[in-house]
Amino acid sequence: MKKRVHEVAKEYNMSNKDFLDLVHELGIDANSHLCGLEDSDIERIAKHLGTEEDSSGDKKKKKKKKRSKGAKESKKETSKETKEKTSHKKKKGRRSDFIVNKAEEVEEVVIEEDGLKVIKLAGEITLGDFATKLKISSTELIKKLFLKGQMLTINSTLPMEIAEEIAEEYDAIIEIEEPEELEFGEKFALEIEDKEEELQERPPVITIMGHVDHGKTSLLDAIRAANVADGEAGGITQKIGAYQITKNGQKITFVDTPGHEAFTDMRARGAQVTDIAILVVAADDGVMPQTVEALAHAKSANVPIIIAVNKIDKPEADPSRVKNELMEHGIVPVEWGGDVEFVEVSAKQRINLDGLLETILLTSEILELRANPKKRAKGIVLESRLDPKVGPIADVLIQEGELKVGDIIVAGEANGRVRALINDKGDRVDNIGLSQPTEIIGFNAVPGAGDVVYVIQNEQHAKRIVEEMARERKMATTAKKSITLESLSQTLEEAAIKELNIILRADSKGSVEALKDSLNKISTDEVAVNIIQAASGAITESDVRLAEVSNAIIIGFHVRPTTKALKDAEAAGVEIRTSSIIYHITEDIEKALTGMLEPEFKEIYLGRIEIKKVFNITGFGKVAGCFVVDGKVKNDSNIRLLRNGVVVYEGALSTLKRYKDDAKEVVAGQECGLGIKNFNDIKEGDIVEAFDVQEIKRTLR
Ligand SMILES: Nc1nc2c(ncn2[C@@H]2O[C@H](COP(=O)(O)OP(=O)(O)OP(=O)(O)O)[C@@H](O)[C@H]2O)c(=O)[nH]1
């Protein structure tokens, strides 16, 4: 059977070029090697090289060309250097450390001493790409192949024998590169370290947060409108996830999606976009539940906060009330000896917007924000969508380097080449720099918000990086587990954690305060209880995100999570502990801190039913017409009745019916009728949560 040239060359540990020289030297038919070497040829080569089969069948080579050996050694050294570099980078990088872009170190075409080109191929190649590598036009190649009886198009895959034959005609030889398997934490990392002298000042990136209706959007719009330079007016309606303004010759970038939910969603995906958070508080309304939430989210991210006291144009505005109320949450204004700037504004009347912008610039000066504008670009996807006409579009904020049209890019599980860049004014541009937002067209799939965009110098690597990312994500979702009370003592020991972070939810302000006091008293010498957020109302998905990013557990007193929060918590491995008895909560935490907590009962969530209509049946009491929105309910399930996420009653069902018949079980999507044992205060819109309780058998250890 015939063997291909590169296969035989590999067996002798020789480069294709050295091997071909030898083939010619031995007078083996100049063309036969293009179709493959005959056994007789291989024998002659073996003889010449003094090779014999050893007992294990491996080939031993006695003689080898010097140049080839030298080349091999220098190659080895390069790969050793690369590894050393990589392991150094590994310590520094964050989420994506597992990948180094090796593209810069791999030259695709090397011109050897005697003028022969070496074309390295990582696998199959199309005719068009091969022509590019040979630096000839595709038409010329198509014509050449046609004359040889091969009818191929620009997108046809070129058979390797033909590629070798053509290469020969252009004084080139082909070397097949075996694709290296990516290994976690070893070969590839996307982050490139910066040299101190390459860093330059960059504009700050601002996110606006605050309670519903306190004026976040109005403030964003007012700043944008007030800072449009002449001639830009037409493009200012462009919304691409962020916009940039210029104040006193300095640039400021605003993220266009206000609110702490989006902010923490990004963090949960590993992306920190914001440098400074503006907390908007309406002067007529004061501190409200979401003001407190936003504060907790910003604090947990360690982001400096500026308070924008908005709506000061209103007659009932009372800015000093805002200050007093925020003091209760540990925010002390600068004029009262603290370190938080308060700026009084009116988004509607455009009062003191300049003051706010100046405060932002002052704060950012202190932060000394710097980045390298010259390296390959890196950015964060703020938003993304699929446009039926142009394909995937990603709104991206550039954090490092400069992104250019034509750059090869990856983001999450998408890759591609930048076909077009559109800035926040709606103009098509050729490049985008530091802290600037841009729309990118050219991805092959829609990347997710929070995905990091990297420029890669080689398409093959981009594809492999994306494959590796998909694999890593699959593994991460199965392995994900945040802190739990039961595993606490072990986790504390292993991770040397000194704090137990808690997010607290209760049914009223009074019980929030009571629980806070009791929990704060539990801290031991080794571990402090740290309540990062305490508020009344149902446990929300934003609580789950905050718990996820701050490695916290969620405690609910007389409240339950929303269905979405329940699902998110399960996916993120966040523990939610709820109880209607304060003592049970404090006791569990106390035991967990001392490593004494053992599970006794486990609650198994079954499903949720929404009450659509309530009927009063004489002699029976109230029954409800319902719809199972999630999971299922059984006639013997434990249930709790929830009103706005607060537990109103806990007990059992008295009846469960499907149409007129008694039912054992009703599942999601079905209607049913139910009554609750010893409880009549059922209202439309209430939620019945069904659950089972499983006893956990203790084992002697
Ligand atoms: N009088 C007065 N009204 C304002 C001011 N800023 C905003 N408003 C009004 O407050 C209402 C809510 O403003 P938005 O900007 O939508 O508030 P938001 O915080 O973005 O609201 P959500 O997106 O629902 O969270 C609107 O009716 C605004 O016109 C202000 O400075 N003065």
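Residues numbered from 1 in each chain as written. Predicted model: local features only at pLDDT ≥ 70, side-chain atom pairs only at ≥ 80, totals over all residues. Heavy atoms only, no water.

Broken down by element type, the chain carries 19 helices and 34 strands. Taking all contacts inside the chain whose residues are at least 6 apart in sequence as the whole, residues at least 24 apart take part in 70%. About 35300 Å² of surface is accessible on the chain, with carbon and sulfur atoms providing 49% of the total. (Helix = DSSP H or I, 4+ residues; strand = E, 2+ residues; numbered from the N terminus. Contact = heavy atoms within 4.5 Å. Areas by Shrake-Rupley, 256 points an atom, 1.4 Å probe, with all protein chains shown as cover.)

What describes two packed helices is the angle between their axes and the distance between those same axes. Between helix 7 (residues 138-147) and helix 8 (residues 160-169), the least distance of the axes is 12 Å, while the angle of their chain directions is 110°. On the basis of their axis angle, the class for helix 7 and helix 8 is roughly perpendicular. Read as a crossing pair, helix 7 and helix 8 show a hand that is right-handed. The residues of helix 8 that touch helix 7, namely those facing Leu 141, Lys 144 and Leu 145, are Ile 162, Ile 166 and Glu 169. For the contact of helix 7 with helix 8, the class distribution of residues is 4 nonpolar, no polar and 2 charged. (Axes fitted to C-alpha atoms, helices over the stretch in contact; angles between N-to-C directions. Parallel < 35°, antiparallel > 145°, perpendicular 65-115°, else oblique. Left-handed = near helix turned anticlockwise from the far one by under 90°. Nonpolar A, V, L, I, M, F, W, Y, C, P; charged D, E, K, R; others polar.)

Around the ligand sit 15 residues in total, of which Lys 216, Thr 217, Ser 218, Asp 313 and Ala 347 are the nearest. One nitrogen or oxygen atom from the main chain of His 214 is found 3.3 Å from an oxygen atom belonging to the ligand. Contacts to the ligand include Lys 216, whose side-chain N or O atom sits 2.8 Å from an oxygen atom. Relative to its unbound accessible area of 650 Å², the ligand is 71% covered by the protein chains. Split into classes, the residues belonging to the shell around the ligand amount to 2 nonpolar, 7 polar and 6 charged. (Near = heavy atom within 4 Å. Polar contact = N/O pair within 3.5 Å; in protein donor to acceptor, adjacent residues only side chain to side chain.)

A few words now on the environment of Arg 560. With respect to the element layout, Arg 560 can be found in the loop between strand 25 (552-557) and helix 18 (563-572). Along the backbone, Arg 560 and Arg 640 are 80 residues apart, and their C-alpha atoms lie at a distance of 9.5 Å. Among the polar contacts made by the side chain of Arg 560, one reaches the side chain of Thr 578 at a distance of 2.7 Å.

This next bit is on the nonpolar core. One finds Leu 219, Ile 223, Ile 252, Phe 254, Ile 278, Leu 356 and Ile 360 to be the most contacted residues of the largest nonpolar core, which totals 23 residues. For this core, the elements supplying multiple residues, two or more each, are strand 7 (205-210), helix 9 (216-226), strand 8 (242-247), strand 9 (250-255), strand 10 (276-282), strand 11 (305-310) and helix 13 (353-367). In terms of residues, this core owes the most to one element, helix 13, which gives 5 residues. Excluding residues that lie within four positions of it along the chain, Ile 360 makes contacts with Pro 204, Ile 206, Ile 252, Phe 254, Ile 276, Ile 278 and Ile 306. (Core = buried A, V, L, I, M, F, W, Y, C linked by side-chain atoms within 4.5 Å. Buried < 20%, exposed > 50% of the residue type's maximum accessible area, 1.4 Å probe, protein only.)

Looking now at the packing of aromatic side chains. Under the definition given, this model contains 2 aromatic pairs. Pairing Tyr 243 with Phe 254 gives two aromatic rings, centres 5.5 Å apart and planes at 25°, and the pair type is stacked. With Tyr 243 in strand 8 and Phe 254 in strand 9, this residue pair connects regions lying 11 residues apart in the sequence. Given a relative accessible area of 2%, Tyr 243 falls into the buried group. The class of Phe 254 is buried, set by a relative accessible area of 0%. The interplanar angle of 20° and the centroid separation of 4.3 Å between the aromatic rings of Tyr 649 and Phe 679 together place this pair among those described as stacked. Placement of Tyr 649 in strand 30 (residues 646-658) and of Phe 679 in the loop between strand 33 (671-676) and strand 34 (687-695) is noted, with a sequence separation of 30 residues between them. The class for Phe 679 is buried, based on a relative accessible area of 14%. (Phe/Tyr/Trp six-rings, centres within 6.5 Å; stacked < 30°, edge-to-face > 60°.)

In contact at an axis separation of 9 Å, helix 10 (residues 260-268) and helix 17 (residues 541-550) are set at 35° when each is read in the N-to-C sense. Regarding helix 10 and helix 17, the two cross each other, and that crossing is left-handed. Across from His 260, Glu 261, Thr 264, Asp 265, Arg 267 and Ala 268 in helix 10, the residues of helix 17 making contact are Ser 542, Arg 545, Leu 546, Glu 548 and Val 549. Here the residues of the contact of helix 10 with helix 17 sort into 3 nonpolar, 3 polar and 5 charged.

A few words on the sheet that holds strand 10. Pairing is mixed across the open sheet formed by 6 strands, whose spatial order is 8-9-7-10-11-12. Lying at the two open borders of the sheet, with one neighbouring strand each, are strand 8 and strand 12 (341-344). Pairwise comparison of adjacent strand axes, ignoring direction, gives a mean angle of 30° for this sheet. The pairing of strand 7 with strand 9 spans 2 bridges and is parallel. The partner of Val 205 across the bridge, within strand 9, is Thr 253. Of the strands in this sheet, strand 7, strand 8, strand 9, strand 10 and strand 11 touch helix 9, which is tilted by about 145° from strand 7. Along the sheet face, helix 11 (residues 289-300) touches strand 7, strand 10 and strand 11 and points at about 170° away from the line of strand 10. (Pairing = 2+ DSSP bridges.)

Another aspect to go through is a nonpolar patch on the surface. A contiguous nonpolar surface patch, about 410 Å² in accessible area, is contributed by Phe 146, Leu 147 and Met 151. Within the secondary structure layout, Met 151 lies in the loop between helix 7 and helix 8. Assessed through its relative accessible area of 66%, Met 151 is described here as exposed. (Patch = residues over 30% accessible without salt bridge, like charges linked within 9 Å, V, L, I, M, F, W, Y side chains within 5 Å. Salt bridge = Lys/Arg side-chain N within 4 Å of Asp/Glu carboxyl O.)

On to the pairing of strand 23 (residues 499-506), then. Most of strand 23 sits out of view: 7 of its 8 residues are buried. Pairing of strand 23 with strand 24 (residues 528-536), which is carried by 8 bridges, proceeds in the parallel orientation. Paired with Leu 500 across the strands is Val 529, a residue of strand 24. Here strand 23 pairs with strand 25 via 6 bridges, running parallel. Bridged to Leu 504 within strand 25 is Ile 555.

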